[in-house]
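# Overview (structure and organization)
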Amino acid sequence: MSIDLKTIKHISKLARISVDEQRAKKLAGDLNSIFDFIEKLNELKTDNVEPLTSIAETTLKLRSDEVKSKNIREQIIKNSPQENEDYFVVPKVIE
Amino acid sequence: MTLHPLWIKQKKFDQKPNFNLKLPGIPMAVKDLFCTKNIKTTAGSKILNNFVPTYESTVTENIWNEGAILLGKLNCDEFAMGSSNETSFFGNVQNPIDKNLVPGGSSGGSASAVAGQLTPVTIGTDTGGSIRQPASFTGIVGLKPTYGSCSRYGIVAFASSLDQAGPMAQNVKDCALLHEVISSYDPKDSTSIDFKRNHYSQELTNNIKGKKIGIPKEYRVDGMPKEIEDLWQKGIQYIKDCGAETIDISLPNTSYALPTYYIVAPAEASSNLARYDGVKYGFRAKGENLIDMYEKTRSEGFGAEVQRRIMIGTYVLSSGYYDAYYLKAQKVRKLIKNDFDEAYKKVDAILTPSTPSSAFKIGEKTNDPVSMYLNDIFTVPVNLAGLPGISIPAGHDSKDYPLGLQIIGKAFDEQNILNIAYAMEEKINFKNKITDWWIK
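In what follows, the accompanying structure is described. (Residues numbered from 1 in each chain as written. Chains lettered and ligands numbered in written order. Predicted model: local features only at pLDDT ≥ 70, side-chain atom pairs only at ≥ 80, totals over all residues.)

## Things to note about the overall build of chain B
Scanning chain B for helices and strands turns up 13 helices and 10 strands. With the C-alpha coordinates of chain B rotated into their principal frame, the extents come out at 70 × 65 × 45 Å. Residues classed as buried in chain B amount to 58% of the 440 residues present. In chain B, the proportion of contacts linking residues at least 24 apart, taken out of those at least 6 apart, comes to 75%. (Helix = DSSP H or I, 4+ residues; strand = E, 2+ residues; numbered from the N terminus. Buried ≥ 20, exposed ≤ 12 C-beta atoms within 10 Å, placed from the backbone. Contact = placed C-beta atoms within 7 Å.)

## Quick word on the overall build of chain A
Looking only at helices and strands, chain A has three helices and zero strands in total. The order of α-helices and β-strands along chain A, N terminus first, is α-α-α. The C-alpha radius of gyration of chain A comes to 23 Å, more than 25% above the 12 Å expected for a compact globule of 95 residues. Along the three orthogonal principal directions, the C-alpha set of chain A runs to about 55 × 45 × 25 Å. In chain A, which comprises 95 residues, the proportion classed as buried is 16%. (Rg over C-alpha atoms; globule rule 2.2 N^0.38 Å.)

## Quick look at the interface of chain B and chain A
Taken together, the contact between chain B and chain A spans 53 residues of the former and 39 residues of the latter. Put simply, the parts of the chain that give the side of chain B that touches chain A at least two residues each are helix H7 (257-272), helix H8 (290-301), helix H9 (304-317), helix H10 (322-343) and helix H11 (369-373) of chain B. Tallying contributions element by element places H10 of chain B first for the side of chain B that touches chain A, with 10 residues. Its residues assigned to classes, the side of chain B that touches chain A comprises 25 nonpolar, 17 polar and 11 charged. (Nonpolar A, V, L, I, M, F, W, Y, C, P; charged D, E, K, R; others polar.)

## Looking at the environment of Val 279 of chain B
Looking at where Val 279 of chain B falls in the secondary structure, it is placed in the loop between H7 and H8. We classify Val 279 of chain B as partly exposed; it has 19 C-beta atoms within 10 Å. In sequence terms Val 279 of chain B and Asp 174 of chain B are 105 residues apart; their C-alpha atoms lie 42 Å from each other. The residues contacting Val 279 of chain B, other than those within four sequence positions of it, are Phe 88 and Val 90 of chain A.

## Observations concerning the sheet that holds strand E4 (residues 141-144) of chain B
Whenever strands of a sheet pair, they do so through backbone hydrogen bonds, lying parallel or antiparallel. Residues and elements named next belong to chain B. Overall, mixed pairing links the eight strands, which are arranged E3-E5-E4-E9-E10-E8-E6-E7 in an open sheet. Two strands in the sheet have a free side with no partner beyond their single neighbour: strand E3 (121-126) and strand E7 (245-249). When strand polarity is set aside, the average angle formed by the axes of neighbouring strands in this sheet is 30°. As judged from the two bridges shared by strand E6 (residues 212-216) and strand E8 (residues 349-353), these two strands associate in the parallel manner. (Pairing = 2+ DSSP bridges. Axes fitted to C-alpha atoms, helices over the stretch in contact; angles between N-to-C directions.)

## Quick look at the nonpolar core
Membership of the largest hydrophobic core comes to 137 residues, with the highest contact counts inside it found for Val 141, Met 168, Tyr 262, Ile 263, Leu 418 and Ala 421 of chain B. The residues touching Leu 418 of chain B, leaving out its near neighbours within four places in the chain, are Val 172, Ala 176, Tyr 200, Leu 204 and Ile 390 of chain B. (Core = buried A, V, L, I, M, F, W, Y, C linked by C-beta atoms within 7 Å.)

## Brief notes about the packing of helix H2 (residues 21-38) of chain A against H7 of chain B
Packing of H2 of chain A against H7 of chain B leaves a shortest axis separation of 8 Å and a crossing angle of 125°. Judged by the inter-axis angle, H2 of chain A sits oblique to H7 of chain B. In contact with Ile 34, Phe 37 and Ile 38 of chain A of H2 of chain A, H7 of chain B contributes Pro 259, Tyr 262 and Ile 263 of chain B. (Parallel < 35°, antiparallel > 145°, perpendicular 65-115°, else oblique.)

## Some remarks on helix H2 (residues 58-65) of chain B
All names here are of chain B. Among the eight residues of H2, six are classified as buried, and the element is accordingly described as predominantly covered. For H2, the full list of buried residues reads Thr 58, Val 59, Thr 60, Glu 61, Asn 62 and Ile 63. Buried residues along H2 sit against strand E1 (27-31), E3, strand E5 (164-169) and helix H5 (172-182). Gly 67 lies just past H2 and shows a positive phi near 100°.

## As for unusual backbone geometry
The peptide bond linking Gly 105 of chain B to Ser 106 of chain B adopts the cis configuration, its omega dihedral lying at 10°. Note on placement: Ser 106 of chain B falls in the loop between strand E2 (69-74) and helix H3 (108-115). Here the phi dihedral of Asn 71 of chain A falls at roughly 50°; this positive angle occurs in a residue that is not glycine. For Asn 71 of chain A, the location among the structural elements is in the loop between H2 and helix H3 (73-77). Phi is positive for Asp 400 of chain B, close to 75°, though the residue is something other than glycine. Among the structural elements, Asp 400 of chain B can be located in the loop between strand E9 (389-396) and strand E10 (402-409). On the neighbour-count criterion, Asp 400 of chain B (10 C-beta atoms within 10 Å) is exposed.

## Quick look at the environment of Lys 92 of chain A
When you line up the elements, Lys 92 of chain A lands in the segment after H3. For Lys 92 of chain A and Ser 69 of chain A, which are 23 residues apart along the polypeptide, the C-alpha to C-alpha distance reads 31 Å.

## Here we look at the environment of Gln 75 of chain A
With respect to the secondary-structure elements, Gln 75 of chain A resides in helix H3. Remark: the alpha-carbon pair of Gln 75 of chain A and Val 93 of chain A, spanning 18 residues in sequence, is separated by 25 Å.

## Regarding the pairing of E7 of chain B
Residue and element names in this part refer to chain B. Bridging between E6 and E7 involves five bridges; their strand directions are parallel. Of the residues in E7, the one forming a bridge with Lys 212 is Glu 245. Running through helix H6 (residues 226-241), the crossover from E6 to the neighbouring parallel element E7 is right-handed. (Right-handed = clockwise from strand over helix to strand, strands pointing away.)

## Re helix H13 (residues 414-428) of chain B
All names here are of chain B. Compared with an ideal rise of 1.5 Å per residue, which puts 15 residues at 21 Å, H13 spans 20 Å between its outermost C-alpha atoms and is within 8% of the ideal. Glu 414, Ile 417, Leu 418, Asn 419, Ile 420, Ala 421, Tyr 422, Ala 423, Met 424 and Glu 425 are the residues of H13 that are buried. Contacts made by the buried residues of H13 are with E4, H5, H6, E8, E9 and E10. Of the residues flanking the end of H13, it is Asn 429, one or two places downstream, whose phi is positive at about 50°. (Expected span 1.5 Å × (residues − 1).)

## Considering the packing of H7 of chain B against H9 of chain B
Residues and elements named next belong to chain B. As a packed pair, H7 and H9 sit with axes 7 Å apart at the nearest point and diverge in direction by 100°. It follows that H7 is roughly perpendicular to H9 by the angle criterion. Here H7 contributes Tyr 262, Ile 263, Pro 266, Ala 267, Ala 269 and Ser 270 to the contact with H9, which in turn contributes Arg 309, Ile 310, Ile 312, Gly 313, Thr 314, Val 316 and Leu 317.

## Things to note about the pairing of E2 of chain B
Residues and elements named next belong to chain B. Of the strand pairs in this sheet, E1 and E2 are connected by five bridges, and their pairing is parallel. Within the sheet, the bridge partner assigned to Ala 29 lies in E2 and is Gly 72. The parallel pair E1 and E2, bridged by H2, forms a crossover whose chirality is right-handed.

Quick look at the structure:
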C-alpha cells in the first residue's frame, strides 16, 4: 500500500495540523515505512477473534451523582492562552 | 518575600522529622508528565511550555503524603513518545554512562537522574517500555505495574489503555518501597482497580525456591546481538542458582506485538491529544480564523514525532480504515493476551532480555522511526496484555554499557516479580560503571 500526498493532506486536515509541502513529503515517506511494517498483521487470521477493548476486565464502578468541585472557575481558566477573567477567548467565529 | 511551600515543608521536616512515614524527607525529582500543583508541567512539549496545573496527580500526591519533597521535574520524550529521549522540546537527555549515549526513553530524564544519583528514587511512566528500556540503558531497576495498579489521574495522557506509572530505583528494595507508596485505588481514575495490595517492601523475600520461570523462544529474535543471548543464558543460570526452575514456553504471537502497538497507541494518542487546541490552556499560535488557529497551534506546538503519531492514529481511525487497522489490532491484542494467559497455566513468571541492544549513540536512530520503534520489541507485549514487568541490571556488554533482564508477571502479581528480581539481584551483584563525567 502507499500513502500519497493527497492522503497526507486529508489526514492533516482531519488531525487539524497544518503541513507544508516539504513536511507532507517527509510524512508520506515515514508513514509508508511504518505501514509497511504494520502490514505484517495481515498474515494473521482473526475472523473469529473477539477484539480486546479493555484490558481491565471489570465493569465500571457507579457512584452517586454529586458535585465535588465547586467554585473553581478561576482554576479552570487560569491557564487559558488569552487572558480574560470570565471566559475563554477565541478568534471570531461568526461574521 | 514568601517562601515556596516546598521550602517550608523541608524546614518543617528539619525541625520535626517524622520517621514513621515511608519516605521521610526524601528529596525526589519526578518525570515532567506528572501534574504537580502550581508547578509547571510540560510533558516535554512546546504546547504545554506555559502550563501550570491547579491540581496534583494521585501518584505524586501519594508520594508527598509519605513525606517526600519535590526536588524537580525531569525531562522526558515529548508526550512520552520516544525511546531515546531525543524528542523533547527542551533537548535530549544524556546517559550518565557516557555523554554521547541516549538514556533510552521516554522516562530518560528519570533513568539518568537515578543512575547519576541526582535523585535517590523516582517515578516514570511506561506505555510501551518507557520505564523498563531506559532502566536497562542506564543500569537501574524499573517496574511497570499491572494496568490499573497506579492511578492515571493527573498524568498527561498518551495512550490510555496502555499508560502506567511505576517506580525507578537503584535497587529492588527501593523499587518495592516506592511501588507500595504509589499503588492505590483511586475513584478519580475509572480504570483504577480495587484489589488487595501487598506491603511490597515488607513482604519482599529472596526465597524463590520452586518457582517456575518461563523462557519464551520467540524472544530470540533475528539479528539480536550474541551479548544479549549470553546475558539471557546467564539470567537462566541465576534463576536456577536461586532454586527456581526454568521451563521453555511459547508466546507465538510475539512478533505481532509491535505492529499492533503502532496502531493502538497512536490511535489513542490522536484522540487524547485532540484536547491541545490552543483554546483552554497551553500554547496558542495566531490564526486568521478559528480553524486556522487550531491548525497552526498544533503544527507549531507539537514536535515531529508527536505529529507523526497523531497522523498515524488519525489515519487508522479514519472512515474506511477503522476495520482494517484499529479493529484488526484489537483482535491481535487479544491473541497476544491469550498467549500470556496460556503460558501462565504452566509458569509463575517469564524471563526475557529487557531490550534487543544496549544504549545507542545520540542521533543514531533519529532518521529511521521503525528502527527506533524496534527498541521496544520485548517490552511492548507486556503493555498490550496489561501485565507487570520489571527490568533489572544484569551485566555489561563489551563496551561496558549496562544490559537489563526483564521479569514479566501475572496480573497483580508484582510481589512475585519483585521477589524474583530481589533474589537475582543478590546473585548478579551488578555495579554500575559511572565516571561522573558531568562534574569533571
